[in-house]
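# Structural characterization, general
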Amino acid sequence: MLLRVGSRGSRLALRQAELAVERLRQPGLEFALVPVTTAGDRDRSRPFGEIGARGVFVKELEEALLAGRIDVAVHSAKDMTSTDTEGLTVGAYLPREDPRDALCGAAKIEPGMRIGTASVRRKAQLLALEPDLRIEPLRGNIDTRLRKRAERGMDAIVLAACGLDRLGLHAEIGRRFDPDELLPEAGQGAVALQVRAGDEGRVAHADDAETRRRVEAERACVAAVGGGCLAPVAAHHDGATLTGLVAAEDGSWIERRSGSDPVELGHELLALVP
């Protein structure tokens, strides 16, 4: 049986597709990689919020799935929207790797530093940690952002640790932030294998149950906060506790709460937004 695996064309996305194939491999199963270009790949200059926020690296892959051009879409789980698209579902999550954010270019945050990130979640939490930072927008794949940091003379940039690890770039990391400092994006560190509803059996053998438990709780919490909430939102399950966060983009206020029910936690966080 041939399984057509859809992936973005970046070096990291292709590495994640390789990891998916390694996990899926079993006798009688063959694979064909199908590169797909997404809106987030085509537009590398505007902020995510201007081109659709969550889902900008997902939509075209989902369309290819629904149209039957691919059988499995490989996503960074953090790029997915918090609710499943009609007709599609996550058939498997690969075992989660390091979910933390990483500081590249420095080992600690100091007042007055210029730090690059395109994430409003990271911006809010960085400014809450140290208000005297200059946060500068920075887009592009990992290699591009590492290069731009040097070209633009930034003191540091913040990236997902798992992406650097997967590409063998862990030496670029000066510090891995504890989730108590920077709460990760829902799903960060996990790779999701999305399929058409009813096709879960094609990839079920690759599913890691513990990763699914944690990531699905995080996604449910963010979904309960709601798409109409403009405040930066984060959710992270450490295996024992689910923690959610809402904040002002400028870091002037930030609220964290923990709970066992992701929907109740999401509603509690939404009620805290001014």
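For the structure given in this document, a descriptive report is provided here. (Residues numbered from 1 in each chain as written. Predicted model: local features only at pLDDT ≥ 70, side-chain atom pairs only at ≥ 80, totals over all residues. Heavy atoms only, no water.)

## Some thoughts on the sheet that holds strand E12 (residues 242-247)
- Within the open sheet, the 3 strands sit side by side as E11-E12-E13. Their pairing is antiparallel. Edge positions in the sheet fall to strand E11 (233-237) and strand E13 (254-259), since each of these pairs with one other strand and no more. Neighbour-to-neighbour, the strand axes of the sheet open up by a mean angle of 15 degrees, direction not taken into account.
- Where E12 and E13 come together, 6 bridges link them in antiparallel fashion. Its bridge partner lying in E13, Leu245 is registered against Arg256.
- Contacting E11, E12 and E13, helix H5 (residues 120-129) runs over the sheet at an angle of about 105 degrees to E13. (Pairing = 2+ DSSP bridges. Helix = DSSP H or I, 4+ residues; strand = E, 2+ residues; numbered from the N terminus. Axes fitted to C-alpha atoms, helices over the stretch in contact; angles between N-to-C directions. Contact = heavy atoms within 4.5 Å.)

## A short note on the side chain of Thr117
- Take Thr117: it is sitting in the loop between strand E6 (114-116) and H5.
- Taking relative accessible area as the criterion, Thr117 reaches 7% and is therefore assigned buried.
- Leaving out residues up to four positions away in the same chain, Thr117 has contacts with Arg122, Lys123, Leu126, Ile135, Glu136, Pro137, Leu138 and Val158. (Buried < 20%, exposed > 50% of the residue type's maximum accessible area, 1.4 Å probe, protein only.)

## Here's the deal with helix H6 (residues 142-151)
- Looking at H6, one finds that the buried residues are Ile142, Thr144, Arg145 and Leu146.
- Where H6 is buried, its residues contact helix H1 (11-24), strand E5 (101-104), strand E8 (156-160) and helix H7 (161-166).
- The backbone nitrogen of Asp143 has a side-chain oxygen 3.2 Å away, supplied by the residue at the start of H6, namely Asn141.
- In the segment just after H6, Gly153 is the residue with positive phi, at about 65 degrees. (Polar contact = N/O pair within 3.5 Å; in protein donor to acceptor, adjacent residues only side chain to side chain.)

## Here we look at the packing of helix H8 (residues 209-225) against helix H9 (residues 262-272)
- Put simply, H8 and H9 touch, their axes get as near as 7 Å, and they point 40 degrees apart. In terms of orientation, H8 lies oblique with respect to H9. Here the hand of the crossing between H8 and H9 comes out right-handed. Of the residues in H9, those touching H8 at Ala217, Ala220, Cys221, Ala224 and Val225 are Pro262, Val263, Leu265, Gly266, His267, Leu269 and Leu270.
- Taken together, the residues of the contact of H8 with H9 sort by class into 10 nonpolar, 2 polar and no charged. (Parallel < 35°, antiparallel > 145°, perpendicular 65-115°, else oblique. Left-handed = near helix turned anticlockwise from the far one by under 90°. Nonpolar A, V, L, I, M, F, W, Y, C, P; charged D, E, K, R; others polar.)

Coordinates in, geometry out; function isn't part of it.
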